[in-house]
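Residue-level structure breakdown
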Amino acid sequence: MKQELSYRDSVHRMGRVWILSALAMMIAVPVAICIYYSAWPPAGGILKGFLSVAPIFWTVGAIEVFTYVPMLGTGGSYVGFVTGNLANLKVPCALNSMDRAGVEPGTEEGEVISTLAISTSSIVTTLIIALGVVLLSQIEPILESPVLQPAFENILPALFGALGVVFVSKDWKIAIVPLVVMVTLFLLVPSLAGAVGLLVPVGALIAIGVARILYKKNLL
């Protein structure tokens, strides 16, 4: 027990340090640019932009914490939230890795696999982005090819579709209600396709609620 608490205490301590460091760096870049060029945006413009995006990002951020932390574990959550791109990349990588390793989210083994998967994903992503920047002029015609545009527009559905087959096949009763709700919602309001970051955690919360109801009724 002491070893577990010591490990988690150290993870929380380092996680807080890295999150605060990342936040400081994100703020420092625009501040440094403003100082260097002696060009500061008006306070009214900053406030207007802040109020237009903050409610959405704060809502998504709060929902993601409650949704993803139980899946990713302590270490995986800190690495994932610092490096970002959770719904598109980090969560699918962690869930797929845990499934392939035969471990469950929320266990010590699952936390180790999740942390390794998300860390590896972050390193690979950084290397690919760096390579893309270096070779941008060479690969730009390929990336802008009309033939590839449909593929880029369907990356997220492909990721979650592949994962969905695996997890839905395990407990298909849990998936029925979230699937019906989300399909109906997108059919009635197609413009919500741009709010995937908000609706993925919402769908997860619906699935958790359904699972709890089914469990209480001894249907799982």
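Residues numbered from 1 in each chain as written. Predicted model: local features only at pLDDT ≥ 70, side-chain atom pairs only at ≥ 80, totals over all residues. Heavy atoms only, no water.

**Regarding the overall build of the protein**
To keep it simple, the criterion reads: Comment: elements are numbered from the N terminus, with helices defined as DSSP H or I runs of at least four residues and strands as E runs of at least two. When accessible area is computed with a 1.4 Å probe and restricted to protein chains, residues below 20% of their type maximum are described as buried, those above 50% as exposed, and intermediate ones as partly exposed. By definition in these notes, contact holds between two residues if any of their heavy atoms fall within 4.5 Å. Per-residue and other accessible areas follow the Shrake-Rupley method at a 1.4 Å probe size, with only the shown protein chains counted as cover for residues. When charges are counted, Lys and Arg contribute as positive and Asp and Glu as negative, whereas His and the chain ends are disregarded. To locate a charge, take NZ of a lysine, CZ of an arginine, CG of an aspartate or CD of a glutamate.
Secondary structure summary: the protein contains nine helices and zero strands in total. When the helices and strands of the protein are read in sequence order from the N terminus, they spell out α-α-α-α-α-α-α-α-α. The buried share of the protein, taken over its 220 residues, is 23%. Look at the contacts in the protein between residues 6 or more apart in sequence, and 63% of them connect residues 24 or more apart. Element-wise, carbon and sulfur atoms account for 74% of the exposed surface of the protein, whose accessible area totals about 15100 Å². Charged side chains in the protein number 12 positive and 12 negative. The centres of these two groups are separated by 10 Å.

**Here we look at the confidence of the model for the protein**
The condition is simple: pLDDT runs from 0 to 100 and stands for how confident the predictor is about each residue.
Looking at the protein, pLDDT values average 82 and 92% of them are 70 or higher. Helix H7 (residues 155-170) is the least confidently modelled element of the protein, averaging 72 in pLDDT, while helix H4 (residues 108-134) averages 89, the highest of any element.

**A short note on the packing of aromatic side chains**
How we decide: Pairs were defined over the aromatic rings of Phe, Tyr and Trp, the Trp ring being its six-membered one, requiring ring centres within 6.5 Å. Orientation was assigned from the angle between planes: stacked under 30 degrees, edge-to-face over 60, tilted for the rest.
All chains considered together, the criterion is met by one aromatic pair. Their ring planes at 85° and their centres at 4.9 Å tell us that Tyr36 and Tyr37 sit as a pair that is edge-to-face. Across the pair, Tyr37 and Tyr36 agree in class, each one exposed.

**Some remarks on the side chain of Lys90**
Relative to the elements of secondary structure, Lys90 occurs in helix H3 (residues 86-101). Every residue in contact with Lys90, bar those within four places of it in the chain, is listed here: Thr83, Gly84, Asn85, Ile118, Ser121 and Ser122.

**A word on the packing of H3 against H4**
Using the following cut-off: Only the stretch in contact is used when a helix axis is fitted, and all axes are lines through C-alpha atoms; the angle between N-to-C directions ranges over 0 to 180 degrees. Angles below 35 degrees are treated as roughly parallel, those above 145 as roughly antiparallel, those between 65 and 115 as roughly perpendicular, and all remaining angles as oblique. By convention the crossing between two helices is left-handed if the near helix lies anticlockwise of the far one by an angle smaller than a right angle, and right-handed if it lies clockwise. Residues are grouped as follows: nonpolar covers Ala, Val, Leu, Ile, Met, Phe, Trp, Tyr, Cys and Pro; charged covers Asp, Glu, Lys and Arg; every other residue, Gly included, is treated as polar.
The contact between H3 and H4 brings their axes to 8 Å, and the two run at 135°. By the criterion of interaxial angle, the relationship of H3 to H4 is oblique. The chirality of how H3 crosses H4 is right-handed. Here H3 contributes Leu89, Lys90, Cys93, Ala94, Ser97, Met98 and Ala101 to the contact with H4, which in turn contributes Gly110, Ile113, Ser114, Ala117, Ile118, Ser121, Ser122 and Thr125. For the contact of H3 with H4, the residue count by class is eight nonpolar, six polar and one charged.

**Side note on the environment of Val183**
Looking at the element boundaries, Val183 is found in helix H8 (residues 172-188). Accessibility expressed as a relative area gives 43% for Val183, which makes it partly exposed. For the pair Val183 and Leu136, spaced 47 residues apart in sequence, the C-alpha separation works out to 37 Å.

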